[in-house]
Amino acid sequence: FKSLDLDALQKDVDALMKRTEGWAVALQLARLWIEDSQTPGEFIRSFSGSEGDVAEYLAEQVFSKLPLNLQEFLVETSHLERIHGDLADAVRGRSDSWDMLSKLEPLRALLVPIHGESGWCRHHQLFAEYLRQQLACGGGERVRELHLSASRWFAANGMWLPAVRHACQAGDVRHAAKLIEDAGGLRIGLRDGLAQLRLLLENLPAELIYEYPRLKLARSLLLSKEGRLAEARRHLNEVESELKEDDPALRSDILLMNVMLGIYEGAEFSEADVAAMEALAREIPEAENFVRGWLNNLLCIMQFQRGHLVNARSAAQTAMVHYTDLGAVYLQIFIHLHLGVIAMEEGELSEAHMEHQKASILAQSHFASDKGLIGLARVPLAEVYYEWNDLERARGLVFDALAEVEEYEGWLDIYLGGYVTASALALAEQGLEAALKILERADRTAAERRMPRLGRLVAARRIELFTLAGEIGPAAALARDIGLKLGDCTKASSAATPWRERWQQKIVLSRLA
């Protein structure tokens, strides 16, 4: 490519190198064509293994020289992104695929082993394009049959994403929707992570998702994790109101989603709510690891809100046992976060640090693309560092992490801890005005996510900042605006008020006294 203006075409040339995967023959053919082309960039972008001299070369020098049975094998597996002997047998309706793969070993440049996945390989991109053209010549019905066979095999082996994709490629989107329901609907997101659930649902038309209750619940889960709580609540309410048949599994999913969404909305749970959830947990069979784990996960949050830290810890530990049995790393991250928050409230900073560090490591190692999840783990970690007076580490974590949870997912304890830590750092380093700007962000979050409890706690934190800055007059005026009186300091507010609000009010009134 020496005669080309590589600077102008660098992105196109890089793309060509990726498509050819360094295959010398294809690069040489591409070079000859490009040098004769008036529009080299456009040519590079359209370079394909099913056109021109590449197809001719593959036909004459590779494909035609193979025995007929190997030709058939390659064509009948060309629709697969990844090839495995057992998968190929299922797709072809044969039992000789491992033998075929063994005989094709000399074609390793065009049948590429997948690194780190024993037994799996794939077609070279250009070779696959050529083979798919040959497959298309056999008629659309055969292509459809091969995709459906692949979908069935992947589903039987619990590999839901390729199962769904092949069903869609076969033109059967309703079968794809049923596969996602069979895989667990919203439970996929809680078990395997939101990215996996999002990828599955992206294969379906939006209007189809809303025809299936479990998929609609799954969509509600994604919306809640994105902070779109009003939309999430609307979808959840619609599923609940449209429920006609007696479906215990769906009813339990609705209940779990109701409680989880309530937590994100900052709802206040009564002792009766906690008792009802405990009674439900006792009714679920021991073998139902997911439901029992998720119920105890929610119980942990509810008990924590009521100020019952020992019970909250016990529920979290029970949930962790079930999540570990499931191998549900995504859910284990949240339990580490809850245990860390509990330890923080107990003043056990080393234990809190350990739990939040575990959550952070798991999030980064298993869900590196999930910025919201990584942010969730880093916000409370910054809070620990601040309490240790390690301001540099706290500063290095909290501001970026807080921006992530503002955009994606969070709940009251995460948001409050993040805003308190960030405002404290801002007050110490930049003054009261900078600290108050952090709380303006907190007010927006409380309003956008409809979290009145967060709004009340932020209001109390604003008064506290004024007192810390020596501005007692404005602090007292703000206290009057939200209805706090000095005489309330000894009353600890109403017993119906959650403990966090009662404690925050005591701190504020004590500073004003």
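Heads up: the structure comes first, above all this text.
Predicted model, so just to flag it, every value in this text is computed and none were measured.

Student: Could you clarify how one ought to interpret the overall build of the chain in this entry?
Tutor: Helix and strand counts for the chain come out as 29 helices and three strands. Going through the 513 residues of the chain one by one, you find that 52% of them count as buried. Long-range pairs, those at least 24 residues apart, make up 62% of the contacts in the chain between residues at least 6 apart in sequence. In the form shown here, the chain has an accessible surface area of approximately 23500 Å², with 51% of it arising from carbon and sulfur atoms.

Student: What is the right way to read the packing of helix H24 (residues 391–407) against helix H25 (residues 412–430) from this model?
Tutor: When two helices pack together, their arrangement is captured by the angle between the axes and the distance separating the axes. Relative to each other, H24 and H25 sit at 130 degrees, their axes nearing to 10 Å. When the interaxial angle is binned, H24 and H25 end up oblique. The two elements H24 and H25 meet at a crossing, and its hand is left-handed. Between H24 and H25, the residues in contact are Leu391, Ala394, Arg395, Val398, Phe399, Leu402, Val405 and Glu406 and Ile414, Tyr415, Gly418, Tyr419, Thr421, Ala422, Leu425 and Glu429, respectively. Classifying every residue of the contact of H24 with H25 gives eleven nonpolar, two polar and three charged.

Student: Before we go on, may I ask you to explain the sheet that holds strand S3 (residues 120–123) in this structure?
Tutor: The pairing of strands in a sheet comes from backbone hydrogen bonds and takes either a parallel or an antiparallel form. On the basis of which strands lie adjacent, the open sheet formed by three strands has the order S1-S3-S2 and antiparallel pairing. Each edge of the open sheet is held by one strand with a lone partner, namely strand S1 (83–84) and strand S2 (111–113). As paired strands, S1 and S3 are joined by two bridges and run antiparallel to one another. Looking across to S3, one finds that Ile83 is bridged to Cys121.

Student: What am I meant to see in the pairing of S3 here?
Tutor: A regular strand carries its side chains on alternate faces of the sheet. Relative to S3, S2 runs antiparallel, the two being bridged by three bridges. Each bridged residue has a counterpart across the sheet, and for Leu111 the counterpart in S3 is His123. Linking S2 to S3, which pair antiparallel, is a turn of six residues; within it Gly116 sits at a positive phi near 80 degrees.

Student: Looking at this structure, I do not really get the packing of aromatic side chains. What am I missing?
Tutor: The geometry of an aromatic ring pair is captured by the separation of the ring centres together with the interplanar angle, meaning the angle of the planes. Using the criterion set out here, one finds eight aromatic pairs in the structure. Here the aromatic rings of Trp153 and Phe154 are separated by 5.3 Å at their centres, their planes lie at 80 degrees, and the arrangement is edge-to-face. Side by side, Trp153 and Phe154 carry an identical accessibility label, which is buried. Seen in terms of ring centroids, Phe334 and Trp411 are 6.0 Å apart; in terms of plane orientation they differ by 35 degrees. Their pairing is tilted. Taken together, the positions of Phe334 in helix H21 (residues 329–345) and Trp411 in the loop between H24 and H25 put the pair 77 residues apart, joining distant regions of the chain. The pair Phe334 / Trp411 is uniform in exposure class, with both members buried. In textbook terms, an aromatic cluster arises when at least three aromatic residues are bridged by ring pairs, as seen for Tyr264, Tyr330, Phe334, Phe367 and Trp411. For Arg82, the ring lying beneath its charged end belongs to Trp120, and the centroid distance is 4.2 Å.

Student: What is the right way to read the pattern of salt bridges from this model?
Tutor: For the structure shown, the criterion picks out 30 salt bridges. Among the salt bridges present, the one from Glu271 reaches Arg306, with a minimum N-O distance of 3.4 Å. Of this pair, Glu271 sits in helix H18 (residues 271–283) while Arg306 sits in the loop between helix H19 (289–305) and helix H20 (309–326), and the two are 35 residues apart along the sequence. Glu271 gets classed as partly exposed once you look at its relative accessible area, which sits at 39%. Close ionic contact of Glu429 with Arg395 constitutes a salt bridge, the shortest N to O distance being 2.5 Å. Residue Glu429 is located in helix H25, and its partner Arg395 is located in helix H24; the two are separated by 34 residues in the primary sequence. Classification of Glu429 as partly exposed rests on a relative accessible area of 40%. What makes Arg395 partly exposed here is its relative accessible area of 33%. When salt bridges with common partners are traced through the structure, they connect Glu76, Arg92, Arg94, Asp96, Arg142 and Glu145 into a single cluster.

The rules behind the values
- Residues numbered from 1 in each chain as written.
- Predicted model: local features only at pLDDT ≥ 70, side-chain atom pairs only at ≥ 80, totals over all residues.
- Heavy atoms only, no water.
- Helix = DSSP H or I, 4+ residues; strand = E, 2+ residues; numbered from the N terminus.
- Buried < 20%, exposed > 50% of the residue type's maximum accessible area, 1.4 Å probe, protein only.
- Contact = heavy atoms within 4.5 Å.
- Areas by Shrake-Rupley, 256 points an atom, 1.4 Å probe, with all protein chains shown as cover.
- Axes fitted to C-alpha atoms, helices over the stretch in contact; angles between N-to-C directions.
- Parallel < 35°, antiparallel > 145°, perpendicular 65-115°, else oblique.
- Left-handed = near helix turned anticlockwise from the far one by under 90°.
- Nonpolar A, V, L, I, M, F, W, Y, C, P; charged D, E, K, R; others polar.
- Pairing = 2+ DSSP bridges.
- Phe/Tyr/Trp six-rings, centres within 6.5 Å; stacked < 30°, edge-to-face > 60°.
- Lys NZ or Arg CZ within 6 Å of the ring centre and 35° of its normal.
- Salt bridge = Lys/Arg side-chain N within 4 Å of Asp/Glu carboxyl O.

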